[in-house]
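Close look at the chain arrangement
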Amino acid sequence: MKFFIDTADTDQIRAAAAIGVLDGVNTNPSLIAKSGRPFKDVIVEICELVDGPVSAEVTATETEAMLDEAREYASWADNVIIKLPLIPEGLRACKTLSDEGVGTNVTLCFSANQALLAARAGATYISPFIGRLDDLGHEGMDVIAEIVTAYDNYPEIDTEVLVASIRHPRHVTDAALIGADVATVPPSVIDKMFKHPMTDIGLEKFLADWEDVPGAS
Ligand code: E4P
């Protein structure tokens, strides 16, 4: 499974990239606003920090205006991919960008049917939001299972399932067991994925025992 980081905070991205576990970066308008910085500055800096895809989301809601934004964002760096909402105008833009060879990430997906439409529009990635479904009392992971199963029935679909709106480490494990391609993970959840009390206890014991080894430094 590939890991994207779900933030526009360049310090957090730099830290995760340094560990070597980062395949890409996912942003959205809310995350950009939280960074407190101009959109272009943030995206350009992120693109210099990671080699993988960096999602930059359009805010227009009409196809032609989306395409204007998309083409501008795509000119900022080779690894920018265009994030588009799962509405008819967004899928029209997705089809055009796909035909032009521009990478896309279709976002705000909440059902398998929406994901099937995005695949037909040539989306590079489909982003189902599992946490927001869980928040409504649904089982977000069921949607991931449906999408992965449906896509697997059609080998010609090469859209990758990018699990979004992840709230905790178990979401990552379950998505991987289902066979989702990518998880976009908030920094706080990446931190938790590292953690296990037995790791800390075991390391502490190994280091303490090492002190008893003759000549060890
Ligand atoms: C991904 O495409 C989304 O922007 C992000 O994962 C949403 O996460 P949230 O539901 O925690 O805002």
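Residues numbered from 1 in each chain as written. Predicted model: local features only at pLDDT ≥ 70, side-chain atom pairs only at ≥ 80, totals over all residues. Heavy atoms only, no water.

Okay, the site of the ligand next. Inspection of the region around the ligand gives D6, N26, N28, K83, T107, F129, R132, A164, S165 and R167 as its neighbouring residues. In the environment of the ligand, an oxygen atom lies 2.9 Å from a nitrogen or oxygen atom belonging to the side chain of D6. R132 has a polar side-chain atom sitting 2.7 Å from an oxygen atom of the ligand. Calculation on the ligand without its partners gives an accessible area of 340 Å², and the protein chains cover 84% of this total. Grouping the constituent residues of the shell around the ligand by class yields two nonpolar, four polar and four charged. (Near = heavy atom within 4 Å. Polar contact = N/O pair within 3.5 Å; in protein donor to acceptor, adjacent residues only side chain to side chain. Areas by Shrake-Rupley, 256 points an atom, 1.4 Å probe, with all protein chains shown as cover. Nonpolar A, V, L, I, M, F, W, Y, C, P; charged D, E, K, R; others polar.)

This next bit is on the pairing of strand β3 (residues 54–57). Residue alternation in β3 divides its side chains into two sets, V54 and A56 and S55 and E57, and both sets are buried. Sheet topology note: the strand β2 (residues 24–26)/β3 ladder contains two bridges and is parallel. From the neighbouring strand, V25 faces β3, where its bridge partner is V54. With four bridges joining them, β3 and strand β4 (residues 80–85) adopt parallel strand pairing. Among the inter-strand pairings, S55 is bridged to a residue of β4, identified as I81. (Buried < 20%, exposed > 50% of the residue type's maximum accessible area, 1.4 Å probe, protein only. Helix = DSSP H or I, 4+ residues; strand = E, 2+ residues; numbered from the N terminus. Pairing = 2+ DSSP bridges.)

Attention now moves to the pairing of strand β5 (residues 104–109). Within β5, five of the six residues are buried, which leaves it mostly tucked inside the rest of the structure. Bridging between β4 and β5 involves four bridges; their strand directions are parallel. Bridge pairing links K83 to N105 in β5. With helix α5 (residues 88–99) bridging β4 and the parallel β5, this β-α-β connection has right-handed handedness. Taken together, the three bridges between β5 and strand β6 (residues 125–128) define a ladder with parallel strand orientation. Across the sheet, the residue bridging to C109 is P128, located in β6. (Right-handed = clockwise from strand over helix to strand, strands pointing away.)

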